[in-house]
Amino acid sequence: MIKSEPMIPTKNYLCKDGWKELTRADIRKSSSTNDKELPTLNPDLIPEPLLEYCRSLSESANVPLEFVLFPYFAFIGILLGTNLRMKVGLENDYLETANLWGMIIGEPSIRKSAGYDSLIKFIHNEIQKHLNKKHQDEMEKYKVEKAKYDGSISAIKNRKKSSTEVEIISEPKEPSIEKIIVHDVTSASLARLLSANARGLMIAPDELASLLTSLSKEFNSDLLNKLLTYWKGNTADSIDRKGIGASDFIEESAVSILGTIQPDVIESFCKKNLNSGFIQRFTLIIFPDFKPLPNNHIRKDKKVNKKAVERAFQIVKELSKIKKNTLSDYFPEVMTIDKYNKIMGKEHWIEYDEKAFDLANEYLSQKDIKASNSSNKMLSSHLGKYDKGFHGLCLIWYAIDTIDRHLNGKEKEGKITERIVKNVIALMAFLEAHATKFYDTFFPSIGLSLEEKIYNEIIKFGSKPNNETPLFFNFREIAQLKSLRKKKDKVLEILKDFEKLGAIKSEIVGKKTGGAINPYILEEVI
C-alpha cells in the first residue's frame, strides 16, 4: 500500500512555492489533468422526502451529502429491481432496470461508509429479520407437508399389501429465503441466491477490496463475467449444480454493488482489469476532495433528526414489501406487457410523460457527443454507460416521491415528469465531475499526446511503493517503458526539452545521475 509520509526525508524538491519535501499525496495531486474543484451537491437536487434525512446524517457524521444520498439511491434501485422498470422508448418495449452500482473512493480517515451504515443496519434489523422469520414459518409448514408426502410415497409402495386406498400428494417445494443484501459471494453462491430472489440482490461488502480480491481468485474466475452480465438487470441464466442433478434457473437477474475503497486499491485493480468494463459500470462513483475535521469524530453538537430518518427508512420498508401483483396499489399508471409471448410472465414499467421524454432524449444525445469527443477513452466508455444510470435515477426519484405520497395520503403523479428529469440531469452532471476526476487521476495517459504520456509515466515511476528515491529516474529507463518504447528516440528528445525548460533537474543519487521532476513546472509545460 502506498503511504503518504515524505518520501525522501533528506532531499527537498522544487515546487511552485519554493523547495519542499514532496509526499505521494503531492504526486497524485500533481498527476491529475483535471485541476477543477469538484462541485458541491446542491440540496435542491435531493428528493424532498430525503432532504432532512441527508442533511441530518451528513452534519452529524461529518461527511458530504453525497455520502448519504447516493447509497440510499442504490438501495432503492435494487428494491425496485426486476419488479418495476423504466420504459426508455416510445416506439419500442425496451425496459431499463434501476440496479445501479456505486463506490465511494477515499483514504480511511474520511468516514466513507458513515453516511449509509445506519441504513444497512435498518435493513438487517428490521426488514431482513422479518424475512428470516417468514422463512422459518414457511419451513415449519414445509416440514409438515414433506412428512405427509414421504408418508404417501411409503404407502404407495406398500399398497399391494393393503386394500386401503392411498391419497396421492404432490411433493412440496422447499421454500427459499428472501434476501436483500449479501456481503460475500462466489459465482455459484450468487447463482443460487438469484434463483431464489427474483427481485435482485445488493452486494455490499464492508470494503470493496474484498470483492475485487475475490474476482482475482482462480476458483472464482467466472464471477467477474457473471457480474458484468447481471448488471444489465434483464438476463436469464441457468447454472448446473454438480453432484445434485439440478440447476439454478434465474428468470431475471439484477445485481447492485455498493461499497467503499481506498485509491491505491482501486488503481491496482483497474490496471489489471483495464478492458473488462467492470469499473465503467459504477455509475455512482464518488471521489471527493473532502477533508474531514482533524479528529474526524462524529459531530456531537449535531443530533440526528429521528423523524427525518424514520421517514426515509419507512420508504425503504414499504418498498421492500411490494410485489409485482401489488404494484398498482402504489403506482397509479404502472404499465404491463407480456414478456416473450407470455412464456415468462409480465413486465411492469413506468414511462416518461411527453415533455420529460423529449428532455431526457436531448440530454442523452448531448452525453453521447461528449463521450465520443473525450480524449480519455476510459472516461468515454464510462459515459457510454450513463443511459442506464440516467433512466435508473429517474425511476428511483419517482419511486421515492410516489411511495412517500402513498404513505402520507397525497395525490401521486402517474408518469415521470419534466421536474424529475431536470433534477436527474443535474445529478448526472455532479456524478460526471467525480468520474472525470477518477479517470483523469488513474488513467490520464489514455488518448493523450506523447508529452502527456511521458509526464504521466514519470509520475507513475515516482509512485512505486518500493522505490526509495521515487522522484529520481533515469531517462533511458523511462524511454524503455512499454507504453513509450516504440518512440524511444522522440521520448529522449522530449525529456531533454523538459530539462531545458526547468521541469526536470539533474540530480546525483549515490553514484547515479538522473532526473528529479518539478511536477508543477512540468504540468505548465504540458
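Residues numbered from 1 in each chain as written. Predicted model: local features only at pLDDT ≥ 70, side-chain atom pairs only at ≥ 80, totals over all residues. Heavy atoms only, no water.

Focus on the packing of helix α10 (residues 354–373) against helix α13 (residues 418–442)
When two helices pack together, their arrangement is given by the angle between the helix axes and by the axis-to-axis distance. Defined as follows: Axis lines are fitted through C-alpha atoms, for helices just across the contact stretch, and the angle between N-to-C directions can take any value from 0 to 180 degrees. Comment: elements are numbered from the N terminus, with helices defined as DSSP H or I runs of at least four residues and strands as E runs of at least two. Oblique is the label for any angle not covered by the other classes, which are roughly parallel (under 35 degrees), roughly antiparallel (over 145) and roughly perpendicular (65 to 115). For a crossing to be left-handed, the near helix must be turned anticlockwise from the far one by less than a right angle; the clockwise case is right-handed. Any pair of residues with heavy atoms lying within 4.5 Å of one another is described as a contacting pair.
Two elements in contact, α10 and α13, have axes whose closest approach is 8 Å; the angle formed by their N-to-C orientations is 20 degrees. With respect to α13, the axis of α10 lies roughly parallel. The two elements α10 and α13 cross, and the hand of that crossing is right-handed. Of the residues in α13, those touching α10 at K355, A356, L359, A360, Y363 and K370 are E418, V421, K422, I425, M428 and E432.

Structural notes on the layout of surface pockets
We apply this condition: Lining residues are those with an atom within 4 Å of a point, where the points come from a 1 Å grid over the protein atoms alone and group into cavities, where a 1.4 Å probe fits but cannot get out, or pockets, open sets with protein on both sides within 12 Å along at least five of seven lines. Grid points are joined across faces, edges and corners, and a volume is the space filled by probe spheres set on the points. Amino acids outside the nonpolar list (Ala, Val, Leu, Ile, Met, Phe, Trp, Tyr, Cys, Pro) and the charged list (Asp, Glu, Lys, Arg) are all regarded as polar, and Gly is one of them.
In this model, the second largest pocket occupies a volume close to 540 Å³. In terms of lining, the second largest pocket is formed by 24 residues, of which the most central are E178, A196, N197, A198 and K323. For the lining of the second largest pocket, the secondary-structure elements that each account for two or more residues are α4 (117–157), α5 (187–196) and β9 (246–253). A class-by-class count of the residues in the lining of the second largest pocket yields 8 nonpolar, 7 polar and 9 charged.

With respect to the pairing of strand β5 (residues 102–105)
Cut-off, in case you're wondering: Working definition: with a 1.4 Å probe on protein chains only, accessible area under 20% of the residue-type maximum means buried, over 50% means exposed, and in between means partly exposed. At least two bridges found by DSSP between two strands is the condition for calling them paired.
Where burial is concerned, the two faces of β5 agree: the one with G102 and I104 and the one with M103 and I105 are both buried. Of the pairings in the sheet, the one linking β5 to strand β10 (residues 255–261) comprises 4 bridges and is parallel in character. Its bridge partner lying in β10, I104 is registered against T260. Summarising the sheet, β5 and strand β11 (residues 284–286) pair through 3 bridges and their orientation is parallel.

A word on the nonpolar core
Short version of the rule: Only buried Ala, Val, Leu, Ile, Met, Phe, Trp, Tyr and Cys residues count toward a nonpolar core, and they belong to the same one when joined by side-chain atoms within 4.5 Å.
Residues Y53, F278, F331 and F438 are the most contacted members of the largest nonpolar core, which totals 127 residues. Sorting elements by how many residues they give to this core places helix α3 (residues 66–80) first, with 12 residues. Excluding anything up to four places from it in sequence, F278 contacts W101, L212, L215, L224, L227, L228, I257 and F269. By size, the runner-up hydrophobic cluster in this structure holds 13 residues, among which are F475, L492, F498 and I504.

Quick word on the confidence of the model for the chain
Inclusion rule: Residue-level confidence of the predictor is what pLDDT reports, using numbers from 0 through 100.
Averaged over all residues, the pLDDT of the chain equals 78, while 75% of them reach at least 70. When the criterion is pLDDT under 50, residues 462–470 qualifies, and its contacts beyond four places in sequence or with other chains add up to 18 contacts.

Description of the pattern of salt bridges
The criterion, for reference: Only one rule defines a salt bridge in this text: a Lys or Arg side-chain nitrogen within 4 Å of an Asp or Glu carboxyl oxygen.
Evaluated as defined, the whole model comprises 18 salt bridges. The partner of E48 in a salt bridge is R311, with the nearest N and O atoms 2.8 Å apart. Placement of the pair is E48 in helix α2 (residues 48–61) and R311 in helix α9 (residues 306–321), with a sequence separation of 263 residues. Classification of R311 as partly exposed rests on a relative accessible area of 28%. Between E318 and K321 there is a salt bridge whose closest N-O contact spans 3.5 Å.

Notes on unusual backbone geometry
At N62, a residue that is not glycine, the phi angle is positive and equals roughly 60 degrees. Relative to the helices and strands, N62 resides in the loop between α2 and α3. The backbone phi angle of R111 is positive, close to 55 degrees, even though this residue is not glycine. For R111, the position within the fold is in the loop between β5 and α4. Residue class for R111 comes out partly exposed when judged on its relative accessible area of 24%.

Some points on the packing of α10 against helix α12 (residues 386–407)
The geometry of α10 relative to α12 is characterised by a closest axis approach of 11 Å and an angle of 155 degrees between their N-to-C directions. In terms of orientation, α10 lies roughly antiparallel with respect to α12. In this structure, α10 meets α12 at a crossing whose hand is right-handed. Of α12, the residues touching α10 (which contributes A360, Y363, L364, K367 and D368) are Y386, D387, F390 and H391.

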